[in-house]
Amino acid sequence: MLLMYLQDTYRENDPIFIGELAAKTGRSGAAVRQSLKRLVDRGKLLRFSEGIYYFPKQSRLFWSTPPDMEQIIIRKYIETGEDTIGYYSGLTLANIAGITTQMPAEQCIVTNAEKSRRRIVSIRKRRICLKAPRTAVNQKNKDALSVLDLVGEAFKYTEYDREETEKRLRAYIRGLGVAKASVRACLSYYPSKTSKLLLEMGIYDVLA
């Protein structure tokens, strides 16, 4: 019985993705969608957005509290719970790294879940820019790939002069503790300009 399986597998407010559930149960996406709709109609589940469902979590006031949007995005495109499949990039990463205070209108994520060079999707009203990775993302290379993305695009997004930008990047990347070997293993997927910037900006020197 699907309901029993879901209750054994998902906690309150854990996102239940149709595609993921279909793969786990060996059922078609259409069949899973119909089953989840019936559970919603019975009041057992709530629909968060297209293709996303959850068991509601009750607050002290007995009103259901929805899942955290950021956690849903991470779960769908970055950390599936079993695998690392993506990382933040673009203006989103530049903001995280501290070289801009500009808040992106849409989060940018490089993910194995995307096959096109660039595609905009929406979850409720949150816009997300998805990009296919240069090579498959995993737990071992995600930080190295994000560092190389950041180095290659830093001057596109920075609010600071070159000296301050390089200083901030070195501080951020030093804190990640990314190994030189990991970055070297990913360099072949990037243009030669990225390798040059890595050295000119002093980034290579702060890698572990």
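Below, the structure is looked at part by part. (Residues numbered from 1 in each chain as written. Predicted model: local features only at pLDDT ≥ 70, side-chain atom pairs only at ≥ 80, totals over all residues. Heavy atoms only, no water.)

A few points about the sheet that holds strand β7 (residues 107–111)
We apply this condition: Any two strands with at least two DSSP bridges between them are considered paired. A run of H or I in DSSP counts as a helix once it spans at least four residues, and a run of E counts as a strand once it spans at least two, with each numbered from the N terminus. Each axis is a line fitted through C-alpha atoms, and for a helix only the stretch in contact is used; angles between axes span 0 to 180 degrees, taken between their N-to-C directions.
Taken together, the 4 strands give an open sheet; going across it, the order is β6-β7-β9-β8, and neighbouring strands pair in mixed fashion. Two strands in the sheet have a free side with no partner beyond their single neighbour: β6 (86–88) and β8 (119–123). Across the sheet, the mean angle from the axis of one strand to that of its neighbour is 30°, orientation sign disregarded. Note: β8 against strand β9 (residues 126–131), 5 bridges, orientation antiparallel.

A few points about the pattern of salt bridges
Stated precisely, the cut-off is as follows: Think of a salt bridge as a Lys or Arg side-chain nitrogen and an Asp or Glu carboxyl oxygen that are within 4 Å of each other.
A complete count under the given rule lists 15 salt bridges for this structure. The closest approach of N and O atoms between glutamate 114 and arginine 119, which form a salt bridge, is 2.7 Å. A cluster of three or more residues bridged by salt bridges with shared partners is formed by Arg162, Glu166, Lys196 and Glu200.

Re the sheet that holds strand β2 (residues 46–49)
Ordered in space as β1-β3-β2, the 3 strands form an open sheet in which the pairing is antiparallel. The sheet is open, and its two edges are formed by β1 (16–17) and β2, each paired on a single side. Here β2 pairs with strand β3 (residues 52–54) via 3 bridges, running antiparallel. Across the sheet, serine 49 pairs through a bridge with isoleucine 52, a residue of β3.

Quick look at the side chain of serine 146
Short version of the rule: Should any heavy atoms of two residues lie within 4.5 Å, those residues are considered in contact.
Relative to the elements of secondary structure, serine 146 occurs in helix α6 (residues 142–157). With residues up to four places along the chain from it excluded, the contact list for serine 146 reads Tyr87, Tyr88 and Leu93.

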